[in-house]
Each structure stands twice: as C-alpha cells, then as structure tokens.
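Topology and contacts: notes
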Amino acid sequence: MSTNFAADAAVAENVFETIHTLMHVFRHQQYRALKDGDHKITHMEHKALGFFGRMPGATLSDLVVHSGRDKAQVARLISGLKEQALLLAQVDEQDRRNQRLYLTETGQALYAELHLQERRLAELAIADFSPRETEQLLELLQRVKANLGAEVTGDGSGEE
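Residues numbered from 1 in each chain as written. Predicted model: local features only at pLDDT ≥ 70, side-chain atom pairs only at ≥ 80, totals over all residues. Heavy atoms only, no water.

**Comments concerning the overall build of the protein**
Of the regular secondary structure elements, the protein holds 6 helices and 2 strands. Reading the protein from its N terminus to its C terminus gives the helix and strand order α-α-α-α-β-β-α-α. Expressed as a percentage of its 160 residues, the buried residues of the protein come to 24%. Long-range pairs, those at least 24 residues apart, make up 54% of the contacts in the protein with a sequence separation of at least 6. For the protein, the computed accessible surface area is about 11200 Å², with 55% contributed by carbon and sulfur atoms. (Helix = DSSP H or I, 4+ residues; strand = E, 2+ residues; numbered from the N terminus. Buried < 20%, exposed > 50% of the residue type's maximum accessible area, 1.4 Å probe, protein only. Contact = heavy atoms within 4.5 Å. Areas by Shrake-Rupley, 256 points an atom, 1.4 Å probe, with all protein chains shown as cover.)

**Focus: the pattern of salt bridges**
Pairing is possible between side chains of opposite charge, provided their charged atoms come close. Summed over the entire model, instances satisfying the criterion amount to 5 salt bridges. Residues Glu-93 and Arg-96 are paired through a salt bridge, measuring 3.5 Å at the closest nitrogen-oxygen approach. The exposed category is assigned to Arg-96, whose relative accessible area is 60%. By sharing partners, the salt bridges in this structure join Arg-132, Glu-135 and Glu-139 into a single network. (Salt bridge = Lys/Arg side-chain N within 4 Å of Asp/Glu carboxyl O.)

**So, the packing of helix 2 (residues 43-54) against helix 5 (residues 105-125)**
With their axes 10 Å apart at the nearest point, helix 2 and helix 5 run at an angle of 105 degrees to one another. By the criterion of interaxial angle, the relationship of helix 2 to helix 5 is roughly perpendicular. Facing helix 2, whose interface residues are His-46, Leu-49, Gly-50, Gly-53 and Arg-54, helix 5 presents Leu-110, Tyr-111, Leu-114 and Glu-118. Across the contact of helix 2 with helix 5, the residue classes break down as 4 nonpolar, 3 polar and 2 charged. (Axes fitted to C-alpha atoms, helices over the stretch in contact; angles between N-to-C directions. Parallel < 35°, antiparallel > 145°, perpendicular 65-115°, else oblique. Nonpolar A, V, L, I, M, F, W, Y, C, P; charged D, E, K, R; others polar.)

**Focus: the packing of helix 2 against helix 4 (residues 71-83)**
Remark: helix 2 packs on helix 4, axes separated minimally by 10 Å, with the N-to-C direction vectors making an angle of 80 degrees. As the angle between them shows, helix 2 and helix 4 are arranged roughly perpendicular. Packed against helix 2, whose contacting residues are Met-44, Glu-45, Ala-48, Leu-49 and Phe-52, the element helix 4 presents Leu-77, Ile-78 and Leu-81 at the interface. Tallied by class, the residues present in the contact of helix 2 with helix 4 amount to 7 nonpolar, no polar and 1 charged.

**Comments concerning a nonpolar patch on the surface**
Together, Val-11, Val-15, Phe-16 and Leu-148 give the surface a local cluster of nonpolar side chains, amounting to about 380 Å² of exposed area. Mapped onto the secondary structure, Val-11 falls in helix 1 (residues 2-32). Using a relative accessible area of 52% as the deciding quantity, one classes Val-11 as exposed. (Patch = residues over 30% accessible without salt bridge, like charges linked within 9 Å, V, L, I, M, F, W, Y side chains within 5 Å.)

**Quick notes on helix 2**
Here helix 2 spans 17 Å end to end across 12 residues, near enough to the 16 Å set by a 1.5 Å rise per residue. Among the 12 residues in helix 2, 9 count as buried, and that is most of the element. (Expected span 1.5 Å × (residues − 1).)

**Considerations on unusual backbone geometry**
A positive phi angle, near 60 degrees, is found at Ala-85, a position not held by glycine. As for its position among the elements, Ala-85 is in the loop between helix 4 and strand 1 (87-91). Using a relative accessible area of 41% as the deciding quantity, one classes Ala-85 as partly exposed.

**With respect to the nonpolar core**
One recurring pattern in soluble globular proteins is that nonpolar side chains are buried together. By size, the foremost hydrophobic cluster in this structure holds 22 residues, and its most contacted members are Ile-41, Leu-49, Phe-52, Leu-63, Ile-78 and Leu-87. When residues of this core are traced back to their parent elements, those giving at least two are helix 2, helix 3 (60-67), helix 4, strand 2 (99-103) and helix 5. A total of 5 residues in this core trace back to one element, the largest contributor, which is helix 2. Residues within four places of Ile-41 in sequence aside, it is in contact with Tyr-31, His-46, Leu-49, Gln-84, Leu-86, Leu-110 and Leu-114. (Core = buried A, V, L, I, M, F, W, Y, C linked by side-chain atoms within 4.5 Å.)

Without other data, these values stay purely geometric and don't point to any function.
See the structure below:
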C-alpha cells in the first residue's frame, strides 16, 4: 500500500511540476513579444490592467480584494501604472474618499495587445487537441482546482 502511495505522490508531484513549468513557458512567451515595446510591464501590472480593463471604474480596494495582495503593495502598483499613463483615477462622486480607476487610451491599447497575445498562445497550446480532448483537459483542471478549494476570482482565472 505504501508503494502505491509513493508512486501516486510522485505522479502528483510530476503533474504539478508540469503545470508550474507550463505557466512559466506561457508567461515567458507572452512577455517576449512585448520586450521590445514602449511599455515594460510586470506580471502584476499586466494582471491589474486586465482587472481594470474588465472592471472599469473599480477601486484600489476592489483590486486588493480580488488579488488578495497587501493594500500598500497594490497602491504602489496603481501608482506605477498611473506614472506610465496606463491608468487614470477619477474621484467617486458618491464617496469622494474613493478613486475610480480606468484604463487610459494607451492602457486600453496595451491591454488589447496583451489579451490578443494570450489568446494566440492559448490557441497554439491546444492546436493539436480534439474538441473532446480540450473539454477533458478543462474538466480535469477544474477538478484539480476544486480539490484544492480554489476560489474563483472575478476574471475566472483563479489567479491573483
């Protein structure tokens, strides 16, 4: 029985190492396409752009809740995006203590470029899968996420 457990544990470790490596390869290819562009953005800046691209007018506090990150860290992130002219803050008319955050035109263009690159990479990743294989993979990954008790975030990625 312990031999099966050891074998099962090794397989489980291999599965998660493969998932981890896959995400690194995906991110590397994603950012390689932007490396020579005007904007050098980090992974977290990309995630924040995506958040405000999907939820225009959200607040810093909304991103804190969504990401699970420290408020000071998110404030620095927002400040950097504003300095890069990718994000614009407007005072909330209903509660002047809050600032509503929106992508600038430059931010929208960069977000659209990043989103298109993600879509192309995702399509490439499963290009030789049949529709059934794609469905099976998604079902299995959703079960893994459920087994871990992962809470889905606003963008459905489960990621910060």
